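The chain contents come next:
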Amino acid sequence: MGDSVNEKLQKLDLEDKPNKKWKAKGKKVEKVASAGPALKELDPQPEYIDQRLDIYHKLKEEHDNIMKERQENAVAIKVTLPDGKEVEGKSWTTTPLDIAMGISKGLADACVVAKVNGEVWDLDRPFEADSKLELLKFNDDEAKNVYWHSTAHILGEAMEKTYGGCLCYGPPIENGFFYDMFMSDQQVSEKHFPAIENVMKKIVKEKQTFERLEISKETLFEMFKYNEFKHRILREKVKTPTTTVYRCGSLIDLCRGPHVRHTGKIKAFQLYKNSAAYWEGNQEAETLQRIYGISFPDKKELKEWQKFQEEAKKRDHRKIGREQELFFFHELSPGSCFFYPKGAFIYNTLIKFIKDEYRKRGFNEVITPNIYNSELWKTSGHWDHYAENMFSFEVEKATFALKPMNCPGHCLMFAHRTRSWRELPLRYADFGVLHRNEASGALTGLTRVRRFQQDDAHIFARPDQIKEEVQGALDFLKCVYGVFGFTFKLFLSTRPEKYLGDLDMWNEAESQLEDVLNNCGEEWKLNPGDGAFYGPKIDIQISDALRRPHQCATIQLDFQLPIRFNLNYVTGDGDEKKRPVIIHRAVLGSVERMIAILTESYAGKWPLWLSPRQVMVLSVSAKFDEYALSVKERLHAGGIEVDFENDPGLTLNKKIRTAQLDQYNFILVVGEREASSNTVNIRTRDNKVHGELSVEEFIAKTQKLIEVRHKNAEDEFGDYSPA
């Protein structure tokens, strides 16, 4: 099934384990060892393929007759293009492809999918009535998802032809797609990829049409009688009497679609990873075999992606963290990071950066408990929806849990005494340790952990203060991301279909957020209906040095927690009381995750202010070690991160080169001349020589460059003059 699924399902990988639960129905296939001979197409193919096709062909014939009748009774319709132009057409006859061809053949060829009345739509699927039409190319995110979704179906067809197991889910994901298959007696190996890719190439060459068909659940149970997983989907996920399948070649799968026109549209692809995964992320369920892939409309883009992957591999924060001795993980505390002194320096420097900004911006730092009675989480509403992700335990016949977020604790602080309108806005900031019980298979370095801290803040404000506070939050993140060198995109997510609270308050809040975004000097996009049920939000997506998107910051309005905790303030108008609005706000988000992003964005080449290795002091020979040590001590006293290398077995050139590779921002070399004149000879990790300077001048310049968090301190050092 190629539909989007829960985030956990997309990310849950695990170690391969034998599965003893459920045996696949149908033809048993010959076992393929993970390191065995080359994989080949099954001959004969699994019996379920022909049985499935027999049912499909009968239904397709009935569908074609219905469509023929509809076309005979077609009526004139109008199709409106984005520029307002109207094109004449016929219901159940004219397709988005026809409209595209009428504009130009080049446009029709470049289009991946259509969007009809706001809904993604197959290019070959006829319009049913008057419609608004958009034609989407691969550079559109929705089109990209459709393209990868279609390639997942090609992979699924190839997997059935080679493994013969039971397909499960096959969605598009952030970086391509995957397909899961249950195989009770086989394991996927990367050695199989060339064989699977060859079968996929044959499927692409055949230009198999993607066909959409709506079928009753009753018939689908029969069509997929060999596959218990499809039965589960039909029982648990499909709430309507009918649903759709898509066919390409021998593959027929439950799917909402849409898809590209035919398999020949997939011009370049690569399978790049395999893993085991649990059915729907449930560790108690069956173990599945998962294959990941990526695809593009031309080979050039695939080659660029391959180069990008090589660079990303070099920048992997887990690799750099190990090489630079910043942090590590241990099996005795999975998902909880151990930070070495150098890593702790980065961690604490980031927190200090935010704390410095808090002081400037009127935030008050608070400290709250780590453990709360479950009654708190029941009041906040988290217990009903989030309990499985919390570490809970019994104490004196009561249930307690480690906090996974700070907002309920801050509500208790606000409610502890009567509040006046004069106190608002009240800005509480909290770096308290948080714990979330992430599944072991989802843990991924610093990007997905169980123990973390975040620059969490909650602003308790009057409704008329929302605009000013959101402006301040945007200015805050601009400041921080500017220092990091990140660019970012803004998205306004508005009221969802199922929302709580007063409609007028929603409308007013959304209007204020829109005004802020219009005046912030940045481009933004609307995500209609994508807000949380308790309030609208601004989503912020940053881009790192590799142009990869990350979501860290958030600005979220919350109308519900004040109601749940009965929060109010005295207005000053007699005894009248009103409810505040809570603004959830974070810039770094998880400090752990931000360190992972920064490590990879900088490729371990830390800017001076954030570098745990700011200066290395070297002497030209052992007789000047004493002076070198005195320089080190003076730098250390000045708050500079400094080390001294005095290994007698290394030449000076070797010491310099090692310090450069270890990413020391500055290397100070001292000898007889420097010792006699109280100076140091300065060069950078990029071998730029700044020459001789007094120790005092070097310290003063370096301190100032650190204080202002200069992005290019090493390059600008020679010309930089501390104010």
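Note that the structure is predicted; figures quoted are calculated from it, not measured.

## What to know about the overall build of the protein chain
Link 1 in the chain: Regarding its fold elements, the protein chain presents 23 helices and 35 strands.
Link 2 in the chain: Each principal axis of the C-alpha distribution contributes one length, and for the protein chain these read about 95 × 80 × 65 Å.
Link 3 in the chain: Considering the protein chain as a whole, with its 723 residues, one finds that 53% of them fall into the buried category.
Link 4 in the chain: Pairs at least 24 residues apart make up 70% of the contacts formed inside the protein chain by residues separated by at least 6 positions.

## Regarding the nonpolar core
Link 1 in the chain: Ranked by size, the top nonpolar core spans 83 residues in total, and within it Leu350, Tyr481, Phe484, Leu635 and Phe698 carry the most contacts.
Link 2 in the chain: Considering each element in turn, this core owes the most residues, 10 residues, to helix α15 (residues 466-484).
Link 3 in the chain: Sequence-distant contacts of phenylalanine 484, that is, excluding residues within four places in its chain, are made with Leu350, Phe353, Leu588, Met594, Leu598, Tyr602 and Trp609.
Link 4 in the chain: Of all hydrophobic cores here, the second largest spans 43 residues; its members include Tyr163, Phe177, Val188 and Val199.

## Examining the confidence of the model for the protein chain
A low pLDDT means the predicted coordinates there should not be read in detail.
Link 1 in the chain: The predicted model of the protein chain averages 91 in pLDDT, with 95% of residues at 70 or higher.
Link 2 in the chain: The low-confidence segment residues 1-35 (pLDDT under 50) makes 113 contacts with residues lying over four places distant or belonging to another chain.

## Here's the deal with the layout of surface pockets
Link 1 in the chain: Size it by volume and the second largest pocket reaches roughly 770 Å³.
Link 2 in the chain: Counting residues per element, the ones that place at least two in the lining of the second largest pocket are α2 (47-72), β9 (211-216) and β10 (242-248).
Link 3 in the chain: Broken down by element, the lining of the second largest pocket gets its largest block of residues, 9 residues, from α2.
Link 4 in the chain: Residues that form the lining of the second largest pocket fall into these classes: 11 nonpolar, 9 polar and 12 charged.

## Describing the pairing of strand β30 (residues 581-586)
Link 1 in the chain: When you tally the buried positions in β30, you get 6 out of 6 residues, the bulk of the element.
Link 2 in the chain: Of the two faces of β30, the one carrying Val581, Ile583 and Arg585 and the one carrying Ile582, His584 and Ala586 are both buried.
Link 3 in the chain: Pairing between strand β23 (residues 456-461) and β30: 5 bridges, direction antiparallel. If you follow alanine 457 over to β30, its bridge partner there is arginine 585.
Link 4 in the chain: Where strand β27 (residues 549-558) meets β30, 5 bridges bridge the pair, whose relative direction is antiparallel. If you follow leucine 557 over to β30, its bridge partner there is isoleucine 583.

## Considering a positive patch on the surface
Link 1 in the chain: On the surface, Lys201, Lys299, Lys303 and Lys307 cluster together to form a positively charged patch.
Link 2 in the chain: A total of 3 residues in the positive patch trace back to one element, the largest contributor, which is helix α9 (residues 299-315).
Link 3 in the chain: The residue lysine 299 is located in helix α9 in this model.

## A word on the pattern of salt bridges
Link 1 in the chain: On inspection of all chains with the given rule, the structure shows 43 salt bridges.
Link 2 in the chain: For the salt bridge of glutamate 142 with lysine 115, the shortest nitrogen-to-oxygen distance reads 2.6 Å. Here glutamate 142 is found in helix α5 (residues 141-162), whereas its partner lysine 115 is found in strand β3 (residues 111-116), with 27 residues between them in sequence.
Link 3 in the chain: Here glutamate 142 falls in the partly exposed class, since its relative accessible area comes to 33%.
Link 4 in the chain: According to the relative accessible area criterion, lysine 115 is buried, its value standing at 16%.
Link 5 in the chain: Two residues, lysine 319 and glutamate 323, come together in a salt bridge whose shortest N-O distance is 3.1 Å. You can see lysine 319 and its partner glutamate 323 sitting in helix α10 (residues 317-323), 4 residues apart, about one turn around the helix.
Link 6 in the chain: Given a relative accessible area of 30%, lysine 319 falls into the partly exposed group.
Link 7 in the chain: Taken together, the shared-partner salt bridges connect Glu228, Arg232, Arg235 and Glu286 into one network.

## Here's the deal with the sheet that holds strand β1 (residues 76-80)
Link 1 in the chain: Strand order in the open sheet formed by 5 strands is β2-β1-β5-β3-β4, with mixed pairing between adjacent strands. Strands at the two margins of the open sheet, each flanked by one partner only, are β2 (86-90) and β4 (119-121). Averaged over all pairs of adjacent strands, the angle between their axes in this sheet comes to 40 degrees, without regard to strand direction.
Link 2 in the chain: Here 3 bridges tie β3 to β4, and the two strands are oriented antiparallel to one another. Counted as the bridge partner of lysine 115 is valine 120 from β4.

## Thoughts on the side chain of threonine 571
Link 1 in the chain: Structurally, the position occupied by threonine 571 is in the loop between β28 (569-570) and β29 (577-578).
Link 2 in the chain: Overall, the relative accessible area of 17% leaves threonine 571 in the buried class.
Link 3 in the chain: At a separation of 3.1 Å, a polar atom in the side chain of threonine 571 contacts the main-chain amide nitrogen of aspartate 573.
Link 4 in the chain: In contact with threonine 571, other than residues within four places in its own chain, are Trp421, Glu576, Lys577 and Lys578.

## Here we look at the sheet that holds strand β11 (residues 251-254)
Link 1 in the chain: Across the sheet, 3 strands lie side by side as β9-β10-β11; this open sheet has antiparallel pairing. Each end of this open sheet is capped by a strand with a single partner; those strands are β9 and β11. Each strand axis lies, on average, 30 degrees off the axis of its neighbour in the sheet, ignoring direction.
Link 2 in the chain: Across 6 bridges, the pairing between β9 and β10 is antiparallel. In the sheet register, glutamate 214 faces β10, and the bridge partner there is threonine 244.
Link 3 in the chain: Across the face of the sheet, α5 comes into contact with β10 and β11 while running at roughly 120 degrees to β11.

The rules behind the values
Residues numbered from 1 in each chain as written. Predicted model: local features only at pLDDT ≥ 70, side-chain atom pairs only at ≥ 80, totals over all residues. Heavy atoms only, no water. Helix = DSSP H or I, 4+ residues; strand = E, 2+ residues; numbered from the N terminus. Buried < 20%, exposed > 50% of the residue type's maximum accessible area, 1.4 Å probe, protein only. Contact = heavy atoms within 4.5 Å. Core = buried A, V, L, I, M, F, W, Y, C linked by side-chain atoms within 4.5 Å. pLDDT = per-residue confidence, 0-100. 1 Å grid on protein atoms, 1.4 Å probe; cavity = no way out; pocket = protein on both sides within 12 Å on 5 of 7 lines; lining within 4 Å. Points joined across faces, edges and corners; volume = space filled by probe spheres on them. Nonpolar A, V, L, I, M, F, W, Y, C, P; charged D, E, K, R; others polar. Pairing = 2+ DSSP bridges. Patch = residues over 30% accessible without salt bridge, like charges linked within 9 Å, V, L, I, M, F, W, Y side chains within 5 Å. Areas by Shrake-Rupley, 256 points an atom, 1.4 Å probe, with all protein chains shown as cover. Salt bridge = Lys/Arg side-chain N within 4 Å of Asp/Glu carboxyl O. Lys, Arg positive; Asp, Glu negative; His and termini not counted. Charge placed at Lys NZ, Arg CZ, Asp CG, Glu CD. Axes fitted to C-alpha atoms, helices over the stretch in contact; angles between N-to-C directions. Polar contact = N/O pair within 3.5 Å; in protein donor to acceptor, adjacent residues only side chain to side chain.

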